[in-house]
Amino acid sequence: MPREILVTGGAGYIGAHVAKALSEAGFAPVAVDNLSNGHRDAVRWGPLIEADLGDAPALESIFARHRFAAIVHLAAFIEVGESMRDPLRFFRNNVGGAMNLLAASQRARVPAIVFSSTAAVYGTPEREALTEDHPTRPVNPYGESKLAVERILAWTEAAHGMRWRALRYFNAAGADASGAIGEDHRPESHLIPRACLAALGVEPELQVFGTDYPTPDGTAIRDYIHVSDLAAAHVLALERLLAGGASGPLNVGAGRGYSVAEVVRAVETASGRKVPTRTAPRRAGDATILVADISAARSALGWQPRHTDIVAIARSAWAWHVKRHGTLTKS
């Protein structure tokens, strides 16, 4: 029988892509999601258990019914602005939920976990290409909550031997090539889907936050990793851990950056439509450039992103949004 893998947040955007990749690699993903942000119809490669990580007895029941070979932990609140307004809610959910999960997994003797972390753990970057040894000084509760879980994982391994990898995501983007799953946050805060929605007419315009950055076109530069490449990194990290591989954090990005203006043009090229935009002031805490150095992930996992062209990434996102929303009235 295929080895069962618990995927928390398995009904979410990244979780669904990870579940598909796990299934294709010969594992049996079991999604656990409270459906507060996930979508039931995104769970297609294994069962869905509707539960909240804050419910410790529910977790105990899940672990009693399944013998998990490992865990992929993606369930978390992710909105940075909301974390600034209500930090206690973020710590209760992101850190408290992880602690409940680890307590249950420890009692069940699960040997390994892959954790969904973030580049937000670095805070204000001191250099353009970020390596894992860059200082970790988060500037928002979201990043702080993820860093706290990384530290808890390290101490849990020291005490109980549970191996772990924290994959520090940069900007996940795009959609599965089949068109079966894509990005559908509510509200949507990510650039590429917001640009697609503006081009479709679902949203009236795309706000561009800051055009006075010290970059070639004045807009901020970010690293966009295709979600299928991100999912592949999870599978490789899991396989390495199950084979006795080392623990620790790894950056997962495309290894190159695109400005906001370049992304808007990519969506326009992919869609054949104009993206209506409106300039807005910079957001507090937004860095000028955030780009991953992914040499450690290449070395540790034998992983290499396959989809690094921003137009191709935008085209996959556009195809999914057209399928979901239709072409509406834009021409």
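Heads up: these notes are all about the structure in this document. Here, residues in each chain are numbered from 1, in the same order as that chain's written sequence. Residue-level local features of this predicted model are given only where pLDDT is at least 70; pairs of side-chain atoms are given and counted only at 80 or more, and the full residue set underlies all totals for whole chains, interfaces and linings. Think of the side-chain values as coming from all heavy atoms in the structure, minus any hydrogens and water.

### Some words on the sheet that holds strand 3 (residues 48-50)
Right, so step 1: Strand order in the open sheet made by the seven strands is 3-2-1-4-5-7-12, with parallel pairing throughout. Here the strands that pair on one side only, and so sit at the sheet edges, are strand 3 and strand 12 (248-252). Strand-to-strand, the axes of this sheet are offset by a mean angle of 20°, without reference to chain direction.
Right, so step 2: A pair of strands counts as paired when DSSP detects no fewer than two bridges linking them. Secondary structure elements follow DSSP: runs of H or I no shorter than four residues count as helices, runs of E no shorter than two count as strands, and numbering proceeds from the N terminus. Two elements, strand 1 (residues 4-8) and strand 4 (residues 68-73), share five bridges in a ladder whose sense is parallel. When the sheet's bridge partners are listed, Val 7 is paired in strand 4 with Val 72.
Right, so step 3: Along the sheet, helix 5 (residues 141-160) contacts strand 5 (112-118), strand 7 (163-169) and strand 12; its crossing angle with strand 5, the most-contacted strand, is approximately 155°.
Right, so step 4: Two residues form a contact once any of their heavy atoms are found within 4.5 Å. A fitted line through C-alpha atoms represents every axis, and for helices the fit uses only the stretch in contact; the resulting angles, taken between N-to-C directions, go from 0 to 180 degrees. Contacts between helix 7 (residues 227-242) and the sheet are confined to strand 1, strand 4, strand 5, strand 7 and strand 12, with strand 7 contributing the most and set at about 165° to the helix.

### Observations concerning the packing of helix 1 (residues 13-24) against helix 7
Right, so step 1: Running from N to C, helix 1 and helix 7 cross one another at 55°; their axes reach a closest spacing of 8 Å. If you check the angle between helix 1 and helix 7, you find them oblique. When you trace helix 1 past helix 7, the crossing you get is right-handed. For the pair helix 1 and helix 7, contact is made by Tyr 13, Ile 14, His 17, Val 18, Ala 21 and Leu 22 and by Val 227, Ser 228, Leu 230, Ala 231, His 234, Val 235 and Leu 238, respectively.
Right, so step 2: The nonpolar class holds Ala, Val, Leu, Ile, Met, Phe, Trp, Tyr, Cys and Pro. Asp, Glu, Lys and Arg form the charged class, and all remaining residues, Gly among them, are polar. Residue composition of the contact of helix 1 with helix 7, grouped by class: ten nonpolar, three polar and no charged. For classification purposes, an angle smaller than 35 degrees is called roughly parallel, one larger than 145 roughly antiparallel, one from 65 to 115 roughly perpendicular, and anything else oblique. Left-handed is the label given to a crossing in which the near helix is rotated counterclockwise from the far helix by less than a right angle, and right-handed is the label when the rotation is clockwise.

### Quick look at the pattern of salt bridges
Right, so step 1: Basic side-chain nitrogens of Lys or Arg form a salt bridge, by our definition, when they fall within 4 Å of a carboxyl oxygen of Asp or Glu. Taken as a whole and judged by the stated rule, the model has 13 salt bridges.
Right, so step 2: When the shortest N-O distance is used, the salt bridge between Lys 20 and Glu 24 registers 3.9 Å. Residue Lys 20 and its partner Glu 24 are both found in helix 1; the two are separated by four residues, about one turn of the helix.
Right, so step 3: Buried, partly exposed and exposed residues are distinguished by accessible area as a fraction of the type maximum, computed with a 1.4 Å probe on protein chains only: under 20%, between the cut-offs, and over 50%, respectively. When its relative accessible area of 14% is taken as the criterion, Lys 20 is described as buried.
Right, so step 4: Overall, Glu 24 belongs to the exposed group, its relative accessible area being 61%.
Right, so step 5: With its nearest N and O atoms 2.9 Å apart, the salt bridge here joins Asp 212 to Arg 282. Of this pair, Asp 212 sits in the loop between strand 9 (206-209) and strand 10 (221-222) while Arg 282 sits in the loop between strand 14 (277-280) and strand 15 (289-292), placing them 70 residues apart in sequence.

Honestly, that's just the spatial picture; any functional story needs more than this.
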